[in-house]
Amino acid sequence: MRLRTDIFVSALLRRVFAKGDFAAVERKGAEEAGAIFIRQHFRDGLETVFGPAPQSVFSEETSGDRLFEARLIRQQPDKVRDMLDRERRFDPDLWIIELEADDLGDIVPVADERQNPL
């Protein structure tokens, strides 16, 4: 069973703040099962967006986990905004979390690209 989205987001924000970085909820979605998109801001003005990893990277043991994959890497903010607007039209219940952190380390669980067989 997967952790509720609002609880996962709360824990994510606390971990970011504990590292001394900044995080905010840009858009709040469905509390129980909304998809989460993470918008990472860099000091040079570029941004990276992480979205939910595809189901193909999950196994029976990790089916309750949340994993993310990079959707856009170090792009201009307008390109990121366009991508998130498209996602929002497709899924109005999604969450958007903004992070100001140069290194996400183990804060955001990113799926290993080699796991995806496609």
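Given the structure is predicted, the values throughout are model-derived calculations rather than measurements.

A. Representation of the pattern of salt bridges in the model. One pass over the structure, following the stated rule, counts 14 salt bridges. One salt bridge in this structure joins R81 and E26, with 2.5 Å as the shortest N-O distance. Taken together, the residues span a long stretch of sequence, with R81 in helix α2 (residues 77-90) and E26 in strand β1 (residues 22-27) at a distance of 55 residues. A relative accessible area of 24% means that R81 is categorised as partly exposed. The residue D102 makes a salt bridge to R43 at a minimum N-O spacing of 3.2 Å. Highlighted residues: D102 in the segment after β5 (95-100) and R43 in the loop between β2 (36-41) and β3 (47-52), separated in sequence by 59 residues. The exposure class of R43 is exposed, given its relative accessible area of 79%. Residues joined in a network through salt bridges with shared partners are E26, R39, E47, R81, D85 and R88.

B. Broad picture of the nonpolar core. One finds I36, I38, F68, I97, L99 and V108 to be the most contacted residues of the largest nonpolar core, which totals 17 residues. Among the secondary structure elements, those contributing two or more residues to this core are α1 (5-18), β2 and β5. It is α1 that provides the largest number of residues to this core, a total of 5 residues. Counting residues in hydrophobic clusters, the runner-up holds 8 residues, among them F37, V49, L72 and L94.

C. Highlighting the sheet that holds β1. With mixed pairing, the 5 strands of this open sheet are ordered in space as β1-β5-β2-β3-β4. At either margin of the open sheet sits one strand with a lone partner, and together these are β1 and β4 (68-75). With strand direction ignored, the average angle separating the axes of adjacent strands in the sheet is 20°. Alignment of β1 against β5, held across 5 bridges, turns out to be antiparallel. If you follow A23 over to β5, its bridge partner there is L99.

Criteria and cut-off values
- Residues numbered from 1 in each chain as written.
- Predicted model: local features only at pLDDT ≥ 70, side-chain atom pairs only at ≥ 80, totals over all residues.
- Heavy atoms only, no water.
- Salt bridge = Lys/Arg side-chain N within 4 Å of Asp/Glu carboxyl O.
- Helix = DSSP H or I, 4+ residues; strand = E, 2+ residues; numbered from the N terminus.
- Buried < 20%, exposed > 50% of the residue type's maximum accessible area, 1.4 Å probe, protein only.
- Core = buried A, V, L, I, M, F, W, Y, C linked by side-chain atoms within 4.5 Å.
- Pairing = 2+ DSSP bridges.
- Axes fitted to C-alpha atoms, helices over the stretch in contact; angles between N-to-C directions.

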